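In case you want the letters, here they are:
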Amino acid sequence: MKRAEQLVPLSHDHHQGLVVSQQALRLDDSASDADIKQHWLKLKRCIEEQAQHHFVIEEQYLLEPLAQLEGNDLMVQRIYHEHKQLCAFASQEIKQSLSTLKEAAALLKAHIKYEERELFAKAQEVFTTEQLDRLLKAHG
């Protein structure tokens, strides 16, 4: 399904998150402490930036309206929960653990892919053009 033009800015936000998460996931056991710290910082910054604007837009203009429609509870709950998990990660001190970094990066990647495949498809299916236009205007 072609992406509705009003959702494209959110997809662009997702692209940055995918790039950062993929870079972290590519690190192997030979990665230096400095490399691990650098990727932690990138991932943390990316999530912090997303939480300030992107998450707010999704929650207000996608999740809240979907929650009012029957049959979307699991999707809505999952995304709220993942937003909270990602924010909790970003609020932590930077750790040197490669495995924890990869765990957070994998969560971000899976979260983005789920939103792109499931949330956006559902929004395009059930939202009016006016609802999608309000989302686009709010995104800026």
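Coordinates for the structure precede this section.
Read on for an overview of the structure.

1. Examining the overall build of the protein chain
- In terms of helices and strands, the protein chain carries five helices and zero strands.
- The order of helices and strands in the protein chain, counted from the N terminus, is α-α-α-α-α.
- For 140 residues, the compact-globule estimate of 2.2 N^0.38 gives 14 Å, and the C-alpha radius of gyration of the protein chain, at 16 Å, lies within 12% of that figure.
- C-alpha extents for the protein chain along the principal axes are approximately 50 × 25 × 25 Å.
- Across the 140 residues in the protein chain, those meeting the buried criterion constitute 40%.
- In the protein chain, 85% of the contacts between residues at least 6 apart in sequence involve partners at least 24 apart.
- Counting only carbon and sulfur atoms, one obtains 49% of the accessible surface of the protein chain, whose full area is about 7900 Å².
- Averaging the positions of the 17 positive and the 22 negative side-chain charges in the protein chain gives two centres separated by 4 Å.

2. Remarks on helix 1 (residues 8–25)
- Given a rise of 1.5 Å per residue, 18 residues ought to cover 26 Å, and the 25 Å separating the end C-alpha atoms of helix 1 matches this to within 8%.
- Those residues of helix 1 not exposed but buried are P9, L10, S11, D13, H14, G17, V20, S21 and A24.
- Those residues of helix 1 that are buried lie in contact with helix 2 (33–67), helix 4 (98–126) and helix 5 (129–139).

3. Description of empty space enclosed by the protein
- The tally for this structure, following the rule as stated, stands at one cavity of 30 Å³ or more.
- Looking at the largest cavity, its volume works out to about 30 Å³.
- As for the largest cavity, its lining consists of H14, Q50, H54, F55, L108, H111, I112 and E115.
- The set of elements that each furnish at least two residues to the lining of the largest cavity consists of helix 2 and helix 4.
- Its residues placed into classes, the lining of the largest cavity shows three nonpolar, four polar and one charged.

Calculation rules
- Residues numbered from 1 in each chain as written.
- Predicted model: local features only at pLDDT ≥ 70, side-chain atom pairs only at ≥ 80, totals over all residues.
- Heavy atoms only, no water.
- Helix = DSSP H or I, 4+ residues; strand = E, 2+ residues; numbered from the N terminus.
- Rg over C-alpha atoms; globule rule 2.2 N^0.38 Å.
- Buried < 20%, exposed > 50% of the residue type's maximum accessible area, 1.4 Å probe, protein only.
- Contact = heavy atoms within 4.5 Å.
- Areas by Shrake-Rupley, 256 points an atom, 1.4 Å probe, with all protein chains shown as cover.
- Lys, Arg positive; Asp, Glu negative; His and termini not counted.
- Charge placed at Lys NZ, Arg CZ, Asp CG, Glu CD.
- Expected span 1.5 Å × (residues − 1).
- 1 Å grid on protein atoms, 1.4 Å probe; cavity = no way out; pocket = protein on both sides within 12 Å on 5 of 7 lines; lining within 4 Å.
- Points joined across faces, edges and corners; volume = space filled by probe spheres on them.
- Nonpolar A, V, L, I, M, F, W, Y, C, P; charged D, E, K, R; others polar.

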